[in-house]
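Examination of the molecular architecture
Take a look at the letters that make up each chain.
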Amino acid sequence: MAYDRYAAICKPLHYIQIMNKSFCKWLVGGAWAVGFLCAFVNILPILKLDFCGPNFIKDFSCEFPSVLALSCTETSSNWMAFLISGSFVASFSLIIIFVSYIHIISTILKLNSEEAKRKTFSTCSSHLIVVVLYYGTACFRNMRPSSASSLIVDEFFSIQYKISTPMLNPFIYSLKNREVKEIIKKLMGYKPLIPSSL
């Protein structure tokens with residue numbers, strides 16, 4: 001998404017050539033490959049663990065930290081592999097987002113029209129909101145030490161990045177659409193202070 005925004009804003013005349021169907025397939029395939037590789041690196045070592053205690057997971061889904069908590073054998077190597085692979089994936093994607101937005105912001109600042117700047121920032125804001133919501137809660141949930149763990153906090157952040165953020169995606173991305181804004185205003189009973197007919 002960050003690269004798509006970069007191509008749309010920084011290279012608008014070449015956007016169709018850059019974001020062609022085959023390149024999009026490579027982007028999606030790369031994301032899937034990294035996801036499968038990360039899962040593979042973390043799941044294989046779990047197969048060697050012993051689970052002799054209770055088998056009740058205190059979470060809404062079968063997440064890696066929740067499974068490790070059930071093991072009665074030493075899991076420090078599993079945690080290390082999880083933190084390294086998670087840190088690599090998160091930092092790599094965040095670096096791509098950060099570099100893309102450095103180019104995007106420098107391009108926006110060169111625009112002469114204030115209206116063009118506002119529209120361009122509006123285009124990027126929805127993506128940045130989703131990035132902050134998703135990465136912030138996922139990193140907080142999975143990358144903090146178990147000593148700082150709390151069942152209620154874990155459940156809250158788990159719901160946030162697994163349910164709330166994907167559910168809010170269509171709403172967040174459609175907020176820049178003028179028709180959607182007008183419908184929301186009507187639903188909320190918004191009345192302007194100064195009528196537009198004056």
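Just so you know, these numbers come straight off a predicted model, no measurement behind them.

1. Some details on the overall build of the chain
The secondary structure content of the chain amounts to 8 helices and 0 strands. For the chain, the sequential pattern of α-helices and β-strands runs α-α-α-α-α-α-α-α. Put simply, of all contacts in the chain between residues at least 6 apart along the chain, 56% involve residues at least 24 apart. Within the structure as shown, the chain displays about 13,900 Å² of accessible surface, and the carbon and sulfur contribution to it stands at 70%.

2. Details of a nonpolar patch on the surface
A surface patch of nonpolar side chains, amounting to about 430 Å² of accessible area, comprises Phe-40, Ile-43, Leu-44 and Leu-47. Judged by its relative accessible area of 63%, Leu-47 is exposed.

3. Some thoughts on the packing of helix α3 (residues 21-46) against helix α5 (residues 76-109)
In the contact formed by α3 and α5, the axes pass within 9 Å of each other and the chain directions differ by 175°. As the angle between them shows, α3 and α5 are arranged roughly antiparallel. On the side of α3, the interface is formed by Val-34, Cys-38, Val-41, Asn-42, Pro-45 and Ile-46, while α5 contributes Asn-78, Ala-81, Phe-82, Ser-85 and Val-89. Tallied by class, residues from the contact of α3 with α5 come to 8 nonpolar, 3 polar and no charged.

4. So, the nonpolar core
Listed in full, the 9 residues of the largest apolar core are Ala-2, Tyr-6, Ile-9, Ile-97, Tyr-101, Ile-104, Ile-108, Cys-124 and Val-131. Those elements giving two or more residues to this core turn out to be α1 (2-10), α5 and α6 (114-143). Per-element accounting of this core gives the leading share, 4 residues, to α5. Among all residues touching Ile-104, those that are not within four sequence positions of it are Ala-2, Arg-5, Tyr-6, Ile-9, Cys-10 and Cys-124. Judged by nonpolar contacts, the second largest core, of 6 residues, contains Leu-49, Phe-64, Val-67 and Phe-82.

5. Structural notes on the packing of aromatic side chains
In the structure shown here, the tally under the stated rule is 4 aromatic pairs. With a centroid separation of 6.0 Å and 15° between ring planes, the pair formed by Phe-88 and Phe-92 is classed as stacked. Of the two residues, Phe-88 and Phe-92 are both situated in helix α5; the distance of 4 residues between them amounts to about one turn of the helix. Overall, Phe-92 belongs to the partly exposed group, its relative accessible area being 49%. One aromatic cluster is present, formed by Tyr-3, Tyr-6 and Phe-23 through successive ring pairs.

6. Some remarks on the environment of Cys-52
Topologically, Cys-52 is positioned in the loop between α3 and α4 (64-70). Of the residues examined, Cys-52 reaches a relative accessible area of 59% and is grouped as exposed. Separated by 19 residues in sequence, Cys-52 and Ser-71 place their C-alpha atoms 7.0 Å apart.

Rules and cut-offs
- Residues numbered from 1 in each chain as written.
- Predicted model: local features only at pLDDT ≥ 70, side-chain atom pairs only at ≥ 80, totals over all residues.
- Heavy atoms only, no water.
- Helix = DSSP H or I, 4+ residues; strand = E, 2+ residues; numbered from the N terminus.
- Contact = heavy atoms within 4.5 Å.
- Areas by Shrake-Rupley, 256 points an atom, 1.4 Å probe, with all protein chains shown as cover.
- Patch = residues over 30% accessible without salt bridge, like charges linked within 9 Å, V, L, I, M, F, W, Y side chains within 5 Å.
- Salt bridge = Lys/Arg side-chain N within 4 Å of Asp/Glu carboxyl O.
- Buried < 20%, exposed > 50% of the residue type's maximum accessible area, 1.4 Å probe, protein only.
- Axes fitted to C-alpha atoms, helices over the stretch in contact; angles between N-to-C directions.
- Parallel < 35°, antiparallel > 145°, perpendicular 65-115°, else oblique.
- Nonpolar A, V, L, I, M, F, W, Y, C, P; charged D, E, K, R; others polar.
- Core = buried A, V, L, I, M, F, W, Y, C linked by side-chain atoms within 4.5 Å.
- Phe/Tyr/Trp six-rings, centres within 6.5 Å; stacked < 30°, edge-to-face > 60°.

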